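Examining the three-dimensional arrangement
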Amino acid sequence: MSRVDVEVNGRRYSEEVEPRLLLSDFLRHTLGLTGTHVGCEHGVCGACTVRIDGESARSCLTLAVQVDGRTVQTVEGLAADGALTTLQESFHEHGALQCGFCTPGMLMAAADLLERGRPTREEIVDMLSGQICRCTGYEPIVEAIARAAEAS
């Protein structure tokens, strides 16, 4: 067993974990943060995207022990005091979510992109090339991110 001391969504956790435990499983099963979804378990679909020390990362490819001493943000950590962010509201307004399975990963990747500045449409599409959605056809997602960028 290994001890992991990590800050997740502003809260400190100290847990004993198996060295092979994936971050996605740690978040979902140990901490009960089920907003991080697991799709392919190969880092391809993007549903498990979180931010580690402010950078997007695939939690299904990261071991829990690798976040020892670091900060992690999940989709649950996006909204402050229960109020939706501009990005989350834009997803809702533009129909950028249907079944919702990919939405947490999309939101986390988009939040990372928006934090770096106002992205062009091409940069939004490039970012989405690492996220799989089987429902929306991507155009509503691109529009939602672009509108959120304009609003910020």
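Scroll up to find the structure this text is about.
Residues take numbers from 1 onward in each chain, read along the sequence in its written order. Whole-chain, interface and lining totals are the exception, using all residues; otherwise, since this is a predicted model, local features are given only for residues with pLDDT of at least 70 and side-chain atom pairs are given and counted only at 80 or more. To get the side-chain values, take all heavy atoms of the structure and skip hydrogens and water.

Digging into the environment of P104
We apply this condition: Segments assigned H or I by DSSP are reported as helices when at least four residues long, segments assigned E as strands when at least two residues long, and all are numbered from the N terminus. Exposure classes here rest on a 1.4 Å probe applied to the protein chains alone. A residue is buried below 20% of its type maximum, exposed above 50%, and partly exposed in between. Throughout, a residue-residue contact means that at least one pair of heavy atoms, one from each residue, lies within 4.5 Å.
Looking at the element boundaries, P104 is found in helix α3 (residues 103–115). Owing to a relative accessible area of 9%, P104 belongs among the buried residues under this scheme. Ignoring any residue separated from it by four or fewer positions in sequence, one finds P104 in contact with G35, H37 and V75.

Topic: the pairing of strand β2 (residues 11–17)
Two faces belong to every sheet, and in a regular strand the side chains alternate between them. Operational definition: Only strands joined by at least two bridges in the DSSP assignment are considered to pair.
Here seven bridges tie strand β1 (residues 2–8) to β2, and the two strands are oriented antiparallel to one another. The residue bridging S2 from the neighbouring strand is V17, located in β2.

A closer look at the packing of α3 against helix α4 (residues 121–128)
Our working definition: Under this scheme, a helix contributes an axis fitted over its contacting stretch, all axes are lines through C-alpha atoms, and angles between N-to-C directions fall in the 0 to 180 degree range. For classification purposes, an angle smaller than 35 degrees is called roughly parallel, one larger than 145 roughly antiparallel, one from 65 to 115 roughly perpendicular, and anything else oblique. Handedness of a crossing follows from how the near helix is turned relative to the far one, being left-handed for an anticlockwise turn of less than a right angle and right-handed for a clockwise one. Under the scheme applied here, ten amino acids are nonpolar (Ala, Val, Leu, Ile, Met, Phe, Trp, Tyr, Cys and Pro), four are charged (Asp, Glu, Lys and Arg), and all others, including Gly, are polar.
Interaxial distance between α3 and α4 falls to 10 Å at its minimum, and their mutual angle equals 140 degrees. Here α3 lies oblique to α4, going by the angle between them. Once α3 is placed against α4, the crossing between them reads as right-handed. Packed against α3, whose contacting residues are M106, A109, A110 and L113, the element α4 presents E123, I124, M127 and L128 at the interface. Each residue belonging to the contact of α3 with α4 can be placed in one class, and the counts come to seven nonpolar, no polar and one charged.

Section: the pattern of salt bridges
The following threshold applies: Salt bridge, as applied in this entry: a Lys or Arg side-chain nitrogen positioned within 4 Å of an Asp or Glu carboxyl oxygen.
Counted by the stated rule, this structure contains 10 salt bridges. For E143, the salt bridge goes to R147, with nearest N and O atoms at 2.6 Å. Linking E143 with R147, this pair stays in helix α5 (residues 139–151), spanning four residues, or about one helical turn. R147 sits in the partly exposed class, given a relative accessible area of 39%. The salt bridge involving E150 is made with R147; its shortest N-O contact spans 3.1 Å. One end of the pair is E150 and the other is R147, both in helix α5 and three residues apart, which spans about a single turn. We classify E150 as partly exposed; its relative accessible area is 48%.

Some points on the pairing of strand β3 (residues 49–52)
Side chains T49 and R51 project from β3 onto one buried face, and the interleaved V50 and I52 project onto a second face that is buried too. Bridge count for β3 against strand β4 (residues 55–58) is four bridges, and the pairing is antiparallel. Within β4, the position partnered with I52 by the bridge is E55. The loop that links β3 with its antiparallel partner β4 comprises two residues; one of these, D53, has a positive phi angle of about 50 degrees. Sheet analysis places β3 next to strand β5 (residues 71–73), joined by two bridges and oriented antiparallel. Within the sheet, the bridge partner assigned to I52 lies in β5 and is V72.

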